[in-house]
Amino acid sequence: MFPPAPLETIDWNRLGLSIQDNVNGHVESTYSVATGEWSAPRFIQDPYIKIHGLAPALNYGQQAYEGLKAHRGPDGNILLFRPTAHADRLAVSASYVSIPEIPQDHFMKCVKLACARNAEWVAPHSSEALMYVRPLVFGSSGHLSLTAPTEYTFAVYVQPGTTYHGVQPLPACVIEDFDRAAPRGTGGAKVGGNYAPVIRHTDKARSQGFHVTLHLDAQTRTCIEEFSTSGFIGIKKNGDQVTVVVPDSKNIVQSITSDSCLALAKSFGWKVEKREIPWSECKFMDEVIAVGTAASLLPIRLLARPSTGEKFVFGETTGECTLRLGTALRNIMRGKIADEFGWTMTVNEEDLLLEPTSAKPIPEISNGVNHELNGVAHVNGNGIAAPVEVEVKA
Ligand SMILES: *Cc1c(COP(=O)(O)O)cnc(C)c1O
């Protein structure tokens, strides 16, 4: 029977986002410049990847990633949320850092394989937990010159986690002394280089009581771009008329959560505007939300700008529009209401990519990784101490 039931030993509502190294494994596929093709996906029962220390991924930041989610529907089925939109965005991000495109069907095959082989790690329908899926791609062969290497690796990891739906609105502040993205830079890509430099600024903001940080446009510092790991949505109410505004900028990651909220807003009969948003306009907003796959819809309580002393307050409780959008999105993701947008995609038994007569034992192939990391043998969820590569049908 596919999919298997969720593991019974997990306290799904208390997972947080700590790494669970005992999931069943990850998927890898390699691209060789010589053949111009991505290899058939391999399922590897191990969280580690063997990589050349001189790979451009480690030295030059030649890397891009995605983040998407899977949930259980009411019937126990596994539903991926908008996976093809994530495939398309990874292709865009990869092009920024000169990585060959991963065709959408190959992305889907690898993502579904990772979910199918880890199906018991997808939380019960009734829980608040989710399966976070992290595809990543990087230049993986040893290569010193700043030219294209000969090999790239695409990997898909999954991690169970818990979002904090219904959290109290959080305070956010503008980051003043750092620009995340240059006007003609890489801000539109989900590439590692856009994130590590932000950490020290978000750490500082958090120490001052701001859990969320906002970036303004680098050129004029007058317009809203996005939060450090999520998109910006502003909501204005005028009687019964609701208007949703989102920034239109080439320097921000095109949020799929935001796009979904806009589609829902239109279906509610609300007005939708995608345009430049001057910072000063925030003063007139009734609700502000930080939106992203990991955070879902995070209501913002206030926006502060330390350099000017401005502080725009939106309220201590989650706004009614935020609540309506969040509930609708959540219900579609979990198959609770009809998916009229065609956003969810089911993971099926054939996505396991098993040979039809898989009664034969799975071949065990060591990938050569030294598992005695820090002197401690790593044992994964299956109690297998050595990495095992599972052959899958092409
Ligand atoms: C991933 C990300 C988002 C949100 O994108 P979603 O598709 O909604 O998950 C927004 N901004 C940044 C900087 C991001 O990295």
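Residues numbered from 1 in each chain as written. Predicted model: local features only at pLDDT ≥ 70, side-chain atom pairs only at ≥ 80, totals over all residues.

Novice: I keep staring at the packing of helix α5 (residues 256-267) against helix α6 (residues 320-333) and nothing clicks. Help me out?
Specialist: Relative placement of two packed helices is described by the angle separating their axes and the distance separating the axes. In contact at an axis separation of 10 Å, α5 and α6 are set at 110° when each is read in the N-to-C sense. Here α5 is positioned roughly perpendicular relative to α6, judged by the angle of their axes. Along its contact with α5, which presents S260, C261, L264 and A265, the element α6 presents L325, A328 and L329. Its residues assigned to classes, the contact of α5 with α6 shows 6 nonpolar, 1 polar and no charged. (Axes fitted to C-alpha atoms, helices over the stretch in contact; angles between N-to-C directions. Helix = DSSP H or I, 4+ residues; strand = E, 2+ residues; numbered from the N terminus. Parallel < 35°, antiparallel > 145°, perpendicular 65-115°, else oblique. Contact = placed C-beta atoms within 7 Å. Nonpolar A, V, L, I, M, F, W, Y, C, P; charged D, E, K, R; others polar.)

Novice: It is not clear to me how the site of the ligand should be interpreted in this structure. Could you clarify?
Specialist: Taken together, 14 residues lie near the ligand, and S255, I256, T257, G292 and T293 sit nearest. Only α5 and β15 (287-292) provide two or more residues apiece to the shell around the ligand. Take the shell around the ligand: its biggest share by element is 3 residues, from α5. Residue composition of the shell around the ligand, by class: 3 nonpolar, 9 polar and 2 charged. (Near = placed C-beta within 6 Å.)

Novice: Honestly, α5 in this entry has me stumped. Any pointers?
Specialist: For an α-helix, 3.6 residues make a turn, and residues three or four places apart therefore share a direction. For α5, with 12 residues, the first-to-last C-alpha span of 17 Å sits near the 16 Å given by 1.5 Å per residue. Buried within α5 are the following residues: I256, T257, S258, S260, C261, L262, L264 and A265. Residues of α5 that are buried make contact with α2 (83-96), β12 (231-238), β13 (241-247), β14 (271-275), β15 and α6. Positive phi appears at G269, one or two residues downstream of α5, with a value of about 85°. (Expected span 1.5 Å × (residues − 1). Buried ≥ 20, exposed ≤ 12 C-beta atoms within 10 Å, placed from the backbone.)

Novice: What should I look at first to understand the nonpolar core in this one?
Specialist: Taken as a class, soluble globular proteins show a tendency for nonpolar side chains to be buried jointly. Formed by 90 residues in total, the largest nonpolar core has its most connected members in A70, A114, C115, M131, V133, V137 and V244. Those residues in contact with C115, other than ones at most four positions away along the chain, are A70, I78, L80, M131, V133, V158 and V347. (Core = buried A, V, L, I, M, F, W, Y, C linked by C-beta atoms within 7 Å.)

Novice: Whenever I open this one, the pairing of β13 confuses me. Can you help?
Specialist: Residues in a regular strand point their side chains to alternate faces of the sheet. Most of β13 is tucked away: 5 of the 7 residues are buried. Inspection of the sheet shows β12 paired to β13 by 5 bridges, in the antiparallel sense. Looking across to β13, one finds that K237 is bridged to V242. Judged from the 5 bridges that link them, β13 and β14 form a sheet pairing that is parallel. (Pairing = 2+ DSSP bridges.)

Novice: Would you take a moment to explain the pairing of strand β17 (residues 310-313) for this structure?
Specialist: Relative to β17, strand β16 (residues 296-305) is paired through 4 bridges, and the arrangement is antiparallel. Its bridge partner being in β17, L303 is matched across the sheet by F312. In this antiparallel pair of consecutive strands, β16 and β17, the connection spans 4 residues, and G309 shows a positive phi of 80°.

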